[in-house]
Amino acid sequence: MKTVSLVIPLYNEESVVERFYAELTASIDPLGYDFEIIFVNDGSKDGTQLKLESLARQDERLGIIELSRNFGHQAALCAGLENANGDFVITMDGDGQHPPTLITEMLALAESGYDIVMTQRVDSGKESWFKRSTSGLFYRLLNKISDTNTLPGGADFRLISRQVLENLLGMPEYHRFLRGMISWLGFRSVILPFTTAPRLAGESKYSLKKMFRLASDAVFSFSLAPLYIGMSVGVVFLFLALFEAIYVLSFWVSGRSHLLAPGWSSLMFMLLIVAGVLMILLGFIGVYVGYIFQEVKNRPVFVIKSKYLGSGKVETEGEEEI
Ligand code: UDP
Ligand code: MG
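These figures come from a predicted structure and were not determined experimentally.

Engineer: In this structure, what is going on with the coordination of the magnesium ion (ligand 2)? I would like to understand it.
Structural biologist: Tetrahedral coordination by four donors puts the ideal angle at the metal at 109.5 degrees, and octahedral coordination by six puts it at 90 or 180 degrees. Distances from the magnesium ion (ligand 2) to its protein donors, Asp95 (OD) and Gln97 (OE1), fall within 1.9 to 2.0 Å. Residue Asp95 is classed as buried on the basis of its relative accessible area, which comes to 4%.

Pasting the structure below:
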């Protein structure tokens, strides 16, 4: 029997864990696969860990990875992926928004030869206007400035084959935007549309700050465009400076130099603009240098506090790396 690993990150989800688990098992129990359910507790401050532990006592398919603090959704997903042993690996949110009923269809597509089964959110009309419009705008911009195509409305609800997983784990970068990284890898993929269900309980754990960080990780790790915007603007200003020099010189050549205004205001103007451009450019360079700095340090993306992989399960080889 083929094995399927489910990787589910949770952050302060004590109010949904049990209901989600019930929904999940109702969908997967009838399927003819050997399931491994890996919950990643991303440094929850509430009772999520206790709830998970009590579930793990009843179900030996359950594994819990507890991170030492909140590392964020993408890092939590990576922690689960590194510990997944299945022939197929499915990542999904643990708040019920990613319907477990879709797993059957995902597995059928995987069996028919697809290496990646992506899902795409179809507008349910219930998402907030803010989330919808920022997400739409973000993907349009990202696809314009990056060479890797990222699916608009793509969710981190997807199935990948063992082979894709191995390749993904071979990308040791610190800033992770999994949607982009998986698109970058290639392989045979298919898109499965779905309507997001409402959250089972609780609030979204994706704060504005976390959304912004994800967007910046995506832009700065997948595109060098911001660097070129700064450079292009800089070039335009160099040309302006050249034209200004020619203009001023023409007064001197034609002997009308006495007509030239003292020029203090234009000088100040140019100075401020040039300084502004330089600052923007330096800012972009700073961001990339920051990214390089973090990559060079080769810091782990997450730190595991405790690991329980269900009874009778072998520890993964990923262990030594952590
Ligand atoms: N999550 C996480 N760490 C975080 C934020 C979120 O592990 O720092 C988990 C969260 O518990 C949920 C999933 O990631 O299972 C998606 O988060 P959420 O539902 O809050 O995001 P939204 O659906 O609102 O975009
Ligand atoms: Mg959610």
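Engineer: How do you make sense of the pattern of salt bridges when you look at a structure like this?
Structural biologist: Two side chains that carry opposite charge are able to pair once their charged atoms sit near each other. Inspection of every chain in the model, using the stated rule, returns ten salt bridges. Between Arg179 and Asp156 there is a salt bridge, with its nearest N and O atoms 2.8 Å apart. Linking Arg179 in helix α7 (residues 178–185) with Asp156 in the loop between α5 (129–145) and β6 (158–161), this pair joins segments that are 23 residues apart in sequence. Like Arg179, the residue Asp156 is buried in the burial classification. Across the pair Glu166 and Arg162 runs a salt bridge, and its minimum N-O distance is 3.0 Å. Remark: Arg162 and Glu166 occur in helix α6 (residues 162–169); sequence separation between them is four residues, near one turn of the helix. Of the residues examined, Glu166 reaches a relative accessible area of 44% and is grouped as partly exposed. Each of the salt bridges in this network shares a partner with another, and the network as a whole consists of Glu13, Asp95, Arg199 and Lys205.

Engineer: Explanation requested: unusual backbone geometry in the structure shown.
Structural biologist: What you tend to see is this: most non-glycine residues have negative phi, and most peptide bonds are trans. A positive phi is found at Asn12, a non-glycine position, where the angle reads about 50 degrees. In this fold, Asn12 is placed in the loop between β1 (3–10) and α1 (17–28). Under the relative-accessibility criterion, Asn12 is labelled partly exposed at 21%. Positive phi, normally seen in glycine, also occurs at Phe187, with a value near 70 degrees. Relative to the elements of secondary structure, Phe187 occurs in the loop between α7 and β7 (189–195).

Engineer: Would you explain the packing of α5 against helix α8 (residues 208–222) in this entry?
Structural biologist: To describe two helices that pack against each other, one gives the angle between their axes and the distance between the axes. Here α5 crosses α8 at 15 degrees, and the two axes come no closer than 10 Å. Taken together, the axes of α5 and α8 lie roughly parallel to each other. In this structure, the crossing between α5 and α8 has a hand that is right-handed. Across the interface between the two elements, Phe130, Lys131, Thr134, Phe138, Leu142 and Ile145 of α5 pack against Leu208, Met211, Ala215, Ala218 and Val219 of α8. Of the residues in the contact of α5 with α8, the class split is nine nonpolar, one polar and one charged.

Engineer: How should I be thinking about the site of ligand 1 in this particular structure?
Structural biologist: By nearness alone, 18 residues border ligand 1, and Glu13, Asp42, Asp95, Ser204 and Lys205 come closest of all. Taking Arg199, its side chain carries an N or O atom lying 3.0 Å from an oxygen atom of ligand 1. Residue Ser204 places a side-chain N or O atom 2.5 Å away from an oxygen atom belonging to ligand 1. Looking at the shell around ligand 1 residue by residue, the class counts come to four nonpolar, six polar and eight charged.

Engineer: Help me understand the environment of Lys51 in this model?
Structural biologist: Of note, Lys51 is situated in helix α2 (residues 48–58). In this structure, the C-alpha to C-alpha distance between Lys51 and Ser204, residues 153 residues apart in sequence, is 19 Å. In this structure Lys51 touches Glu14, Val17 and Glu18, once residues within four positions along its chain are discounted.

Engineer: Would you take a moment to explain the pairing of β6 for this structure?
Structural biologist: Remember that side chains alternate between the two faces of the sheet whenever the strand is regular. The alternating pattern of β6 places Arg158 and Ile160 and Leu159 and Ser161 on opposite faces, both of which are buried. Of the strand pairs in this sheet, strand β4 (residues 88–91) and β6 are connected by four bridges, and their pairing is antiparallel. If you follow Ile90 over to β6, its bridge partner there is Leu159. Both strand β5 (residues 116–122) and β6 contribute to a ladder of two bridges, which runs antiparallel. In the sheet register, Ile116 faces β6, and the bridge partner there is Ile160.

Cut-off values and rules
Residues numbered from 1 in each chain as written. Chains lettered and ligands numbered in written order. Predicted model: local features only at pLDDT ≥ 70, side-chain atom pairs only at ≥ 80, totals over all residues. Heavy atoms only, no water. Donors = N, O, S within 2.8 Å, 3.2 Å for Na, K, Ca; no water. Buried < 20%, exposed > 50% of the residue type's maximum accessible area, 1.4 Å probe, protein only. Salt bridge = Lys/Arg side-chain N within 4 Å of Asp/Glu carboxyl O. Helix = DSSP H or I, 4+ residues; strand = E, 2+ residues; numbered from the N terminus. Axes fitted to C-alpha atoms, helices over the stretch in contact; angles between N-to-C directions. Parallel < 35°, antiparallel > 145°, perpendicular 65-115°, else oblique. Left-handed = near helix turned anticlockwise from the far one by under 90°. Contact = heavy atoms within 4.5 Å. Nonpolar A, V, L, I, M, F, W, Y, C, P; charged D, E, K, R; others polar. Near = heavy atom within 4 Å. Polar contact = N/O pair within 3.5 Å; in protein donor to acceptor, adjacent residues only side chain to side chain. Pairing = 2+ DSSP bridges.

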